[in-house]
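Fold and contact review
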Amino acid sequence: MKPLLIQHGRVLDPANNGDEVRDLLIADGKIATGPAPGDADVLDAKGKHVVPGLIDLHVHLREPGRADKESITSGTLCAARGGFTSVVCMPNTSPPADNAGTIAYIKQRAAETGCVNVFPAGAITKELKGEELAPIGSLKRAGVVAITDDGNCVQNNDLMRRAVEYAKMFDLPVMDHCQDYHLAAEGMMNEGYWSVALGLRGWPAAAEDIIVARNILIAEMADWWVHCQHLSSARSVALVREAKKRGVKITAEACPHHFTLTEESCKTYDANFKMNPPLRTERDRAALLEGLADGTIDCIASDHAPHCNYEKEVEFDVAPFGIIGLETELALSLALVHKKVLTLRQLIEKFTVNPAKLLRLNKGTLSAGADADVTVIDLDREWTYDVTQSPSKSRNSPFHGWELKGKPVATIVAGKIVWQL
Amino acid sequence: MKKTKFIWKRKDLLGIQDLSADEIVHILDTAAAFKQVGERNIKKVPSLRGKTLINLFIEPSTRTRTSFELAAIRLSADIVNITATASSLVKGETLKDTALNLQALHADIIVIRHGAAGAPHFLSRIVKASIINAGDGAHEHPTQALLDAFTIREKKGTIAGLNVTILGDILYSRVARSNIWLLTKLGANVTLAGPSTLVPRVFEQLGCRVTHDMEEAIRDADVINLLRIQHERQRKTMFPSIGEYTAMFGLNKERFARTKPDALIMHPGPINRGVEIDSDVADCGRSVILEQVTNGLAVRMAVLYLCAGGQPV
């Protein structure tokens, strides 16, 4: 592979406090230094930002088992288009990723058919049933970067405690989809005015908060890292903020749909607004923005959750939860920079150094010698999202037709341009 | 028929929430004309002759289905009933595919009853036919609210300014929601009453008063609308027992004696005698439960006629 010289871009590298217009040289799949060789390919990034390759620590690639919804090929193409060089895929596949064999399969498929780095997460419990621990040590050996029962939530507090204590031995963070099953019951949307007006079962914020509180107590007890996935409620943000002040090993992520939309979107009964956790109130949305701004929320993730049209084009009660999000994630997040909720550096940290640190990945930096995963972004480019042109096998986005500002123009994985506008 | 210049423009009746007060009054006025038709010797008019109506009932119902069926027959429409057990829905066909099949059969009007809130809205985006909501989950039951209002207006002369108490399982009730929207739009004072688990405070945001005190709920009421406890929609944690419900919130003889002497007693049916309402109270002179049924027919004729763009009576 020929060396690649990215010229004249504004290179923003939070891990090294770097922010200057300069050239960036890539050779042998690594970030290089020194003069560019004469045969190097050149990528002109004038007027663009050059940042470490973005990491999304929460996606569903549906392989193995539901390749009609998505595959590693199609899912990683979405990632590349969205500016992501690494994704962490959730274990709720079929069969579930609760054993070393399935992890090995995912890694092999990713190596053969994925165009970005795929890091699998393993299950906390066998079959994600919340009853018995999965073979966490074997999962670690097989290469998982975290464990989670995402989609499900371990309800047994003792089992969760043991999982966290056990995972600590392997230096594995535990990620959790925070949902108390009894409180959330058959909830279809946020409990409040709109659920009452629409006659849909409510999923109260307290069902999330109570598990976030539980996770904080367990993280404290086990003195180990628990990561709360897709926070949606104001109280959850406040709980994590308070716990971090005490030095508890707790981290959190938020999704663009939760900080962009509110429960009112459900009023047309369009199942593309049905997600888990549900869209919440304006107050919750504002709290997520505050949490992102003050560092309470460490990472932004898409929770990319593909579902077939025929599964989503049904009664709201019947539709599965979730939306695709990899392609719109960066632009919806850049909106926070354009609105001055976050600085660009803060935002890039949430997509690079923060998830890399959380998952112990040797990524998220442009240091010399680091893997040459790079994203080139045009902050001001205006575009309209057309889901019909998505490489995803699914079309379940509530952002179809949205006019967005800011777009990746090149995605580079290990020195190779995997997508370019 | 009262002559108004109002022009009806909707092809669907999905709920009361989207209707204006003028639209509601127009339906009630139209229903008054159709009620007279029902009292004639020949009860049939040719308004919907040649139109095809499909009663798509994906949830069990006898009275509402029968009422729509009879309404359609009296308007001279051709009518087919599809119920969940008889249809291919149980074989896994989606509602969208069912709807497209009905469209392929050139249905003009689809009356839908469905256990999922929003199912009629979903249908209205897919097919060209008029969609009439005959009850969707816990969301709305617009024709029930219209027939309730028709009955109140007929008995009391007006709706504005009346104190209407709706009593019972509000949380899971589509009848309650449609009544709340309608009555508040027409200027009634609505009080919701029942156990705190079934009548949460959030309903105040819909413009109602919420109380858990039976005496307070019935004392000043001009109309008391009793709702059935919806066993099928309820989780077991909502209240201790039917017996306790009856003791705390049932309209028994003692409580009935403390209502205003001209307070109307209403119930959308089916009634559970001895549970939410004392058997004798259900049959007393102030009970208009059976008149509601009669009026339901006139209201449904009016709704079908208006939405299908029928010929004048």
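Relevant structure appears above.
Here is a short report on the structure shown in this document. (Residues numbered from 1 in each chain as written. Chains lettered and ligands numbered in written order. Predicted model: local features only at pLDDT ≥ 70, side-chain atom pairs only at ≥ 80, totals over all residues. Heavy atoms only, no water.)

1. Remarks on the overall build of chain A
Looking only at helices and strands, chain A has 14 helices and 17 strands in total. Taken over C-alpha atoms, the radius of gyration comes to 20 Å for chain A, in line with the 22 Å a tight globule of 421 residues would show. The principal-axis extent of the C-alpha atoms belonging to chain A is close to 65 × 45 × 45 Å. Expressed as a percentage of contacts within chain A between residues at least 6 apart in sequence, the contacts between residues at least 24 apart total 76%. For chain A, the accessible surface area stands at approximately 15100 Å², while carbon and sulfur atoms represent 50% of it. (Helix = DSSP H or I, 4+ residues; strand = E, 2+ residues; numbered from the N terminus. Rg over C-alpha atoms; globule rule 2.2 N^0.38 Å. Contact = heavy atoms within 4.5 Å. Areas by Shrake-Rupley, 256 points an atom, 1.4 Å probe, with all protein chains shown as cover.)

2. Here we look at the interface of chain B and chain A
Frequently, the measure chosen for interface size is the accessible area removed from exposure when the parts meet. Contacts between the two partners involve 25 residues from chain B, matched on the other side by 19 residues from chain A. The junction of chain B with chain A conceals about 1700 Å² of combined surface from both sides, 57% of it contributed by carbon and sulfur atoms. Summed over the shared surface of chain B and chain A, the number is one salt bridge. As a salt-bridge pair, Lys 96 of chain B and Glu 313 of chain A come within 2.5 Å of each other at their nearest N and O atoms. Counting across the interface, chain B meets chain A through five residue pairs in polar contact (both at pLDDT 80 or more). When residues of the side of chain B that touches chain A are traced back to their parent elements, those giving at least two are helix H3 (95-104), helix H4 (119-126) and helix H6 (174-185) of chain B. A per-element tally of the side of chain B that touches chain A places H4 of chain B first, with four residues. When grouped by side-chain class, the residues that make up the side of chain B that touches chain A number eleven nonpolar, nine polar and five charged. (Buried area = accessible area lost by both parts, 1.4 Å probe. Salt bridge = Lys/Arg side-chain N within 4 Å of Asp/Glu carboxyl O. Polar contact = N/O pair within 3.5 Å; in protein donor to acceptor, adjacent residues only side chain to side chain. Nonpolar A, V, L, I, M, F, W, Y, C, P; charged D, E, K, R; others polar.)

3. A short note on the sheet that holds strand S9 (residues 264-266) of chain B
Residue and element names in this part refer to chain B. Read from one edge to the other, the open sheet built from five strands follows the order S7-S6-S5-S8-S9, with strand pairing classed as parallel. Each of the sheet's edge strands pairs with one partner strand only, and the pair in question is strand S7 (209-211) and S9. Each adjacent strand pair in this sheet contributes to an overall mean axis angle of 20°, direction not counted. Across three bridges, strand S6 (residues 189-193) lies against S7 in parallel orientation. Within S7, the residue paired with Leu 192 across the bridge is Val 210. Against the sheet, helix H5 (residues 142-156) contacts strand S8 (223-226) and S9, and its axis sits at roughly 165° relative to S9. (Pairing = 2+ DSSP bridges. Axes fitted to C-alpha atoms, helices over the stretch in contact; angles between N-to-C directions.)

4. Considerations on the pairing of strand S3 (residues 109-114) of chain B
As a general feature of sheets, a regular strand has side chains that alternate between the two faces. All names here are of chain B. For S3, a buried count of six out of six residues is recorded, marking the element as mostly surrounded by other parts of the structure. Burial along S3 is two-sided: the residues Ile 109, Val 111 and Arg 113 and Ile 110, Ile 112 and His 114 are all buried. Judged from the five bridges that link them, S3 and strand S4 (residues 130-136) form a sheet pairing that is parallel. Bridging from a neighbouring strand, Ile 109 pairs with Ser 130 of S4. Between the parallel elements S3 and S4, the chain passes through H4 in a crossover that is right-handed. (Buried < 20%, exposed > 50% of the residue type's maximum accessible area, 1.4 Å probe, protein only. Right-handed = clockwise from strand over helix to strand, strands pointing away.)

5. Regarding the sheet that holds strand S14 (residues 299-300) of chain A
Residue and element names in this part refer to chain A. The strand order across the open sheet formed by four strands is S9-S12-S13-S14, and the pairing between neighbours is parallel. Only two strands of the sheet have a single partner each, and these edge strands are strand S9 (174-176) and S14. Pairing of strand S13 (residues 250-254) with S14 involves two bridges; the strand directions are parallel. Following the sheet pairing, Glu 253 is matched in S14 by Cys 299.

6. Describing the nonpolar core
Counting residues in each nonpolar core, the largest one holds 114 residues, and the members touching the most others are Leu 146, Ile 166, Leu 192, Phe 203 and Leu 304 of chain B. Among the elements that take part in this core, helix H11 (residues 289-307) of chain B stands out by supplying eleven residues, more than any other. Setting aside residues up to four positions removed in sequence, Phe 203 of chain B forms contacts with Val 196 of chain A together with Ile 170, Leu 171, Arg 177, Ile 180, Leu 192, Cys 208 and Val 210 of chain B. Within the second largest apolar cluster, 74 residues are counted, among which are Val 59, Cys 178, Val 248 and Leu 326 of chain A. (Core = buried A, V, L, I, M, F, W, Y, C linked by side-chain atoms within 4.5 Å.)

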